[in-house]
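Close look at the chain arrangement
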Amino acid sequence: MSASTSPIVGKLDWTVTPYTDLLHQVNSSTIVGAGAASVLVLGAVAGGAVLTWMRWWGPLYRNWLTSADAKKIGIMYIALALVMLARGIIEGFVMRAHQATALGTLTEPESGLVAPDHFAQLFSTHGTIMIFFVAMPLLIGLINFVLPQQLGARDMAFPVLNQVSLGLTAAGAGLVMISLLIGKFGTGGWTMYPPYTGIQYSPGEGVDYWLWAILISGMGSTLTGMNFAVTIFKSRAPGMNFMRMPLFCWTSLCVAIMLIYAMPALTVSSAMLALDRYAGFHFFTNEAGGNMMNYANIFWMFGHPEVYILILPAFGVFSEISSTFSGKKLYGYTSLVIASMSIAVISFTVWLHHFFTMGQSAGVNIAFGIATMIIGIPTGVKIYDWMATLWRGRVRITAPIVYLTGFFLLFVIGGLSGIILANPSIDYQVHNSTFLVAHFHNVIIPGVLYGMLAGIHYWFPKAFGFRLDERWGRRTALLFVGGFVFTFMPLYVLGLMGMPRRSPTFQNPDFLPWMYVASFGAVLMLGALASLVWTFWTSYRNRAALAVPGGDPWNGATLEWSTPAPVPKWTFARIPEVKARDDWGETKRAGDPWKAPEGYDDIEMPADTPHGLLIAGAAFALGFAMVWHIWWLAALGFLAIPALLAWRGMKVIEPRIIPAAEVEEADRRFRATVASLAPATRADEESERNRGRPDLAEFAG
Amino acid sequence: MTKSNTGMVDPQESAAKELKTYALGFAASVLLTGVAFAAAISDLPAVWKVGIICLAALLQIVAHLRNFLHLSFSGGQSREDLLLVLFSVTLLAIMAGGTWYIMADLGGRMHEKGMMPHEASP
């Protein structure tokens, strides 16, 4: 990085890439850094080459990037999340590999695969990516895909805003990705606490990369929350009153509420830190009346609702699959609704438990410790409800059920260690140790990751028209369960033995055996990632055998299973009249559920637009320019966003009308297909005989 | 196709009224922002400055909710709007009150003399 700022390229010059470090000094750390940058470059080149070779640029632009269809936006969110997941898991593996070789000696206190500063970048990007660019896009994507279908709506309330949200999230992810190649990422952990991340102790671009990625993607998440809330309040099908909504819609509503009220706190704390760094403010500095403790306070005001934003959609998914795959009605619907809403509200009252040791008096700690223990109660209610749903049901051990079982076993352990940590006096002993690392991985991996992967497995046929391979799905699930157990259970032990988190080296040889076990777990996690990729690939190759044109492969009970697979862009040929909770199930019970509607109307769909793409480009330019102090580009990006909004506001935009005849033709074809299919029984669910028309006699949900 | 429970209104009829509401809200917002800046520049005691800025901020929130977000306690959506306001106020009270509680406690433990940062510095 150059010392002076050029008016044209800011602080950028040719020394910012990891290749320069490699030229200066060849060791394992610089090789890992340059290797990661090369993977990024080669991946981008290979992706571009494939798109050019297959002539996919046009279709990609026309059918996906400019689409305002919530289902496609959801799929793009999930694709983004899976790419970032790959990077996150590989980074986790590198950190485990590093710590397994990081036993320092008196003569050589620092050893291991990567340099300490590089290690700090790894845990900072790993956390940032996994929370903001894996978990969030996974759940937002799944909600985008499923929510309108379950509500009986054609689309989100604001389809173009939805596109903008996706664009902003992708721009943030792009900033984190490009930090692999250009410059360095911050080293302050995913929370980036000042004063360490203030300009005095962390000059340079690292913290700025984090700030702009968070500011931009956080804005997208806030907008998404508003979109979800308005969709749930205003776009339900006629007759779909609140207590008829499937549970996934309820948890989506909780997520929407929390996104709306929690994300601004993150935007505020990041903006204050940005003002400190760029404009010489003193919100969080040591001098001039700044108070860095307020950063932790505001950050976790967002941070705690955030963990429930992450977990509640998974709870929604588990509610759906426990009911569907045991062929029973969901046990305790009302109690699950009350529990979800309680969690949504109580999650705003516990944030101090993330900084029990910051120095406030015991009374304050106790107040928040009690609130933290209280929030365990509604979560416990839910676990019992799902177990009661499975109880005496005809449970099929499909991949989602393997995830659910893994979730039961592991999440309860993670929840219990959370209750232990909720006691301030115990927290004083284990805070900042790997015990904490084990705890939050123990709730986030079995909760969010298993839940989202189970959901992807469950709704995949609805998106693409064919099922995922069950055998490989189960193998992936088991690898993720085993990988989790071997990677993180040793960290509980290490934490109790006194190993601090985020330490690039350690001197106690007793730690080493546990480190080896954890590294073995990390290998299993890599295997799980590979197995996940293979599941998609092998299912794609066998898509003819796995096709489910009937659209209802699991004998489901909610509205989304009434439509063809893959679901047409207008979703419902006619908006259903909802008469009961689990309306599709009730229709099955009443007899012929695939009866054609009485008439068809023209359908109004939002027109395709590159609006979101342009805003994403402007936001990315703004973020990148601010990171590197390229002021002219920053000004351009900053002004382009309102200009684009104004431009769109002044244009007359006609919606796309799909004529009734086209809808009718497609719908009649679907109904003829269903009529021609042989009903598949539960026993045939995994075989080729399952074409998406279940045996109605077996429906008991 | 009609949309249930959206409360959509005829655009032609309400356009002029809409525009007036927006213009009024915009003028009020600009004015209140000006008041806040004027207070910051003025020679008033710090407590007054903070008080005036807070008041201007609260009034501006009300102006935004009324004129831009069409919140009202009379009409078709009054009950929903009331619940929304109550819920928001509850959550914001938790956040603001909690911050006050935590930061005041921390300040007390650090023997901070007053709540104002410049008073605490020597």
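Structure: see above.
Just so it is clear, the model here is predicted, and its values are computed rather than measured. (Residues numbered from 1 in each chain as written. Chains lettered and ligands numbered in written order. Predicted model: local features only at pLDDT ≥ 70, side-chain atom pairs only at ≥ 80, totals over all residues. Heavy atoms only, no water.)

1. Regarding the overall build of chain B
Going by this rule: Numbering of helices and strands runs from the N terminus, with a helix taken as a DSSP run of H or I at least four residues long and a strand as a DSSP run of E at least two residues long. For every residue, the accessible area obtained with a 1.4 Å probe (protein chains only) is divided by the maximum for its type, and the residue is called buried under 20%, exposed over 50%, and partly exposed between those limits. Here, residues are in contact when the closest pair of their heavy atoms is within 4.5 Å. Only the protein chains shown count as cover for residues, and all accessible areas are computed by the Shrake-Rupley method using a 1.4 Å probe.
Tallying secondary structure elements over chain B gives four helices and zero strands in all. Listing every helix and strand of chain B by position from the N terminus yields α-α-α-α. The burial tally for chain B puts 19% of its 122 residues in the buried class. Once local pairs closer than 6 in sequence are excluded, the contacts in chain B between residues at least 24 apart make up 46%. Of the roughly 9,200 Å² of accessible surface on chain B, a fraction of 71% belongs to carbon and sulfur atoms.

2. So, unusual backbone geometry
Residues and elements named next belong to chain A. Residue Pro195 follows Pro194 across a cis peptide bond; omega there is 5°. Here Pro195 is to be found in the loop between α6 (159–178) and α7 (206–234). Across the junction of Ala565 and Pro566, the peptide omega takes the value -5°, indicating a cis bond. Backbone geometry places Ala288, a non-glycine residue, at a positive phi of 60°. Locating Ala288 in the fold gives a position in the loop between α8 (247–279) and α9 (293–324).

3. Quick notes on helix α15 (residues 470–497) of chain A
Put simply, the test is: Expected helix span is given by 1.5 Å per residue-to-residue step, counting one fewer step than there are residues. Counting of polar contacts relies on pairs of N or O atoms within 3.5 Å, with two restrictions inside protein: one atom must be capable of donating a hydrogen and the other of accepting it, and residues adjacent in sequence are counted only when both atoms are side-chain atoms.
The first and last C-alpha atoms of α15 of chain A sit 41 Å apart over 28 residues, in line with the 40 Å expected at 1.5 Å per residue. The opening residue of α15 of chain A is Asp469 of chain A, an N-cap whose side-chain oxygen sits 3.1 Å from the backbone nitrogen of Arg471 of chain A.

4. A word on empty space enclosed by the protein
Residue and element names in this part refer to chain A. As a reminder of what qualifies: The rule is simple: put a 1 Å grid over the protein atoms alone, call a set of points where a 1.4 Å probe fits but cannot get out a cavity, call an open set with protein on both sides within 12 Å along at least five of seven lines a pocket, and count a residue as lining if it has an atom within 4 Å of a point. Grid points are joined across faces, edges and corners, and a volume is the space filled by probe spheres set on the points. Polarity classes work like this: nonpolar for Ala, Val, Leu, Ile, Met, Phe, Trp, Tyr, Cys and Pro, charged for Asp, Glu, Lys and Arg, and polar for all others, with Gly in that last group.
Under the counting rule described, the total for this entry stands at three cavities of 30 Å³ or more. Estimates place the volume of the largest cavity at around 190 Å³. Contributing to the lining of the largest cavity are 21 residues, with Thr324, Arg396, Trp554, Asn555 and Arg682 lying nearest its centre. Residues of the lining of the largest cavity, tallied by class, amount to seven nonpolar, seven polar and seven charged. Estimated volume of the second largest cavity: approximately 80 Å³. Lining the second largest cavity, in full, are Tyr403, Leu453, Ile456, His457, Leu468, Gly473, Thr476, Leu532, Thr535 and Phe536. Counting residues per element, the ones that place at least two in the lining of the second largest cavity are α14 (434–464), α15 and α16 (511–541).

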